[in-house]
Amino acid sequence: MQALVLIEELGSIRAAAQSMSLTQPALTAAIQQLEAELKAPLLVRSKKGVTFTHFGQAFLRHAKLMVAQSRRAQDEMAQLRGHWEGTIKMAVSPAIGLGLLPQALRQFTLQHPEVKVHCRDGLYPSIAPVIRDGTLDFALTPVHRVDLESDLVAEPLYSSQVVIVSGVSHPLSRAVRLAQLQDCAWVLSSPSRGPGAVIEEAFQTHGLGMPRVTMLCESFLALPAVVAASDQWMTTMPRILFENSPFKDQLCIVPIEDALPSPLICTVRRHDLPLTPAAMQLVGWIQHFALKRL
Ligand code: TSU
């Protein structure tokens, strides 16, 4: 099962075998044995590489969950015995990554230097599939409670402050009303239902119809650079991202007086996958620093 998960992740049987310190023939034989037991072909090998059959894709969903569960079970047993080791896998929104995470990780790693932390960028709902399949222990991301799928749970941490940002030479960089921005071209930093779409919600609340979205930029590294280089685009971003942007000199906060939604950042996890003791402690540190900000 682990091999199948690695084959999907790395895109080849050879790479998966290498990463498991097996020979390719040994791994191929193991997969053939699994296919015989399941009476179904899982993989199609061709010159272009390897792909999963529809049996393979269905089996992979179970395999991912089982591999992730088995990792958590081993980690939890070790941690309950007082051996603080294992891995925590999580995704964070930019506001968390620049805000609470550094302090929380500092405390956590002082306490548990042997626990490996694997952290990646991610926002709900794009991140939901990897929470659902067990790849991640949890994500720290804004989520609309009404949007949360029933297999996931969200515990609120704090509300993120969002600002409207343009390049300094944008003709409407000094606008004070949302209505003045009606004809602007917008860059969204996440699809609708994500926090990057707060401008859609704000326009609707103020009876302005939908904003004219000309670009979706899901890279928070690229977003400030792209907007700074243009006198055409407006975007929304967490204030902390603006404050820490290397492009701050070429950007400005548009001083809109109408209220903007404040996305609620939550800890999101599968409702039936409890956190390991180590993951609980890390979340505890995040909650600790979230409370200190209030
Ligand atoms: S954050 O989740 O608070 O980092 C966030 C991301 C993107 C936008 C607002 C807030 C637009």
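Residues numbered from 1 in each chain as written. Predicted model: local features only at pLDDT ≥ 70, side-chain atom pairs only at ≥ 80, totals over all residues. Heavy atoms only, no water.

## Considerations on the sheet that holds strand E10 (residues 233-238)
Overall, mixed pairing links the 5 strands, which are arranged E9-E8-E10-E7-E11 in an open sheet. Strands at the two margins of the open sheet, each flanked by one partner only, are strand E9 (212-216) and strand E11 (251-253). Geometrically, the sheet is characterised by an average inter-axis angle of 35° between neighbouring strands, direction not taken into account. Judged from the 3 bridges that link them, strand E7 (residues 162-167) and E11 form a sheet pairing that is antiparallel. Each residue of the ladder has a partner; that of Val165, found in E11, is Ile253. Sheet strands in contact with helix H8 (residues 198-205) are E7, strand E8 (185-188), E9 and E10, and its direction is about 130° off that of E8. (Pairing = 2+ DSSP bridges. Helix = DSSP H or I, 4+ residues; strand = E, 2+ residues; numbered from the N terminus. Axes fitted to C-alpha atoms, helices over the stretch in contact; angles between N-to-C directions. Contact = heavy atoms within 4.5 Å.)

## Considerations on the nonpolar core
Membership of the largest hydrophobic core comes to 23 residues, with the highest contact counts inside it found for Ile88, Ile96, Phe138, Leu157 and Tyr158. Of all elements in the fold, only strand E3 (87-92), helix H5 (94-98), helix H6 (100-111), strand E5 (138-142), strand E6 (152-159) and helix H11 (277-293) reach the threshold of two or more residues within this core. Among the elements that line this core, the one with the most residues is H11, at 7 residues. Other than its neighbours up to four places away in sequence, Ile88 contacts Phe108, Val115, Lys116, Val117, His118, Asp137, Phe138, Ala278, Ala279 and Leu282. Counting 18 residues, the second-largest nonpolar core is a separate cluster that includes Leu6, Val50, Phe52 and Ala63. (Core = buried A, V, L, I, M, F, W, Y, C linked by side-chain atoms within 4.5 Å. Buried < 20%, exposed > 50% of the residue type's maximum accessible area, 1.4 Å probe, protein only.)

## Some thoughts on empty space enclosed by the protein
Counted under the stated rule, the structure contains 1 cavity of 30 Å³ or more. Size it by volume and the largest cavity reaches roughly 120 Å³. Around the largest cavity, the lining is made up of 17 residues, and of these Pro142, Ser160, Pro195, Phe220 and Pro238 lie nearest the centre. Element by element, the count of residues in the lining of the largest cavity is highest for E10, at 3 residues. Residues that form the lining of the largest cavity fall into these classes: 12 nonpolar, 5 polar and no charged. (1 Å grid on protein atoms, 1.4 Å probe; cavity = no way out; pocket = protein on both sides within 12 Å on 5 of 7 lines; lining within 4 Å. Points joined across faces, edges and corners; volume = space filled by probe spheres on them. Nonpolar A, V, L, I, M, F, W, Y, C, P; charged D, E, K, R; others polar.)

## What to know about the packing of aromatic side chains
The full count for this structure, using the stated rule, is 2 aromatic pairs. Ring centres of Trp186 and Phe203 lie 5.9 Å apart, and the angle between their planes is 85°; on these two criteria the pair is classed as edge-to-face. Taken together, the residues Trp186 in strand E8 and Phe203 in helix H8 connect sequence positions 17 residues apart. The exposure classification of Trp186 matches that of Phe203, with both residues buried. (Phe/Tyr/Trp six-rings, centres within 6.5 Å; stacked < 30°, edge-to-face > 60°.)

## What about the site of the ligand?
Lining the immediate environment of the ligand, one finds 15 residues, of which Ser93, Pro94, Ala95, Pro142 and Ser160 sit closest. Here an oxygen atom of the ligand and a backbone polar atom of Ala95 are 2.8 Å apart. Here an oxygen atom of the ligand and a side-chain polar atom of Ser160 are 2.6 Å apart. In isolation the ligand exposes 300 Å². Once the protein is present, 100% of that is buried. Broken down by secondary-structure element, the contributors of at least two residues to the shell around the ligand are H5 and E10. (Near = heavy atom within 4 Å. Polar contact = N/O pair within 3.5 Å; in protein donor to acceptor, adjacent residues only side chain to side chain. Areas by Shrake-Rupley, 256 points an atom, 1.4 Å probe, with all protein chains shown as cover.)

## Some thoughts on the pairing of strand E12 (residues 264-270)
Burial of E12 is extensive: 6 of the 7 residues sit out of reach of the surface. Sheet analysis places E5 next to E12, joined by 4 bridges and oriented antiparallel. Its bridge partner lying in E12, Ala139 is registered against Val268.

## Focus on the sheet that holds E6
One open sheet accounts for 5 strands, arranged E4-E3-E5-E12-E6; its pairing is mixed. The open sheet is flanked by strand E4 (116-121) and E6, the only strands paired with a single partner. Each strand of the sheet is rotated relative to its neighbour by a mean of 20°, with strand direction disregarded. The sheet strands contacting H11 are E3, E5, E6 and E12, and the helix crosses E6 at an angle near 30°.

## Examining the packing of helix H1 (residues 2-10) against helix H4 (residues 54-80)
Relative orientation of the contacting elements H1 and H4 amounts to 110°, with a least axis distance of 9 Å. One finds that H1 runs roughly perpendicular with respect to H4. Of the residues in H4, those touching H1 at Gln2, Leu4, Val5 and Glu8 are Phe59, Leu60, Ala63, Lys64 and Val67. Looking at the contact of H1 with H4 residue by residue, the class counts come to 6 nonpolar, 1 polar and 2 charged. (Parallel < 35°, antiparallel > 145°, perpendicular 65-115°, else oblique.)

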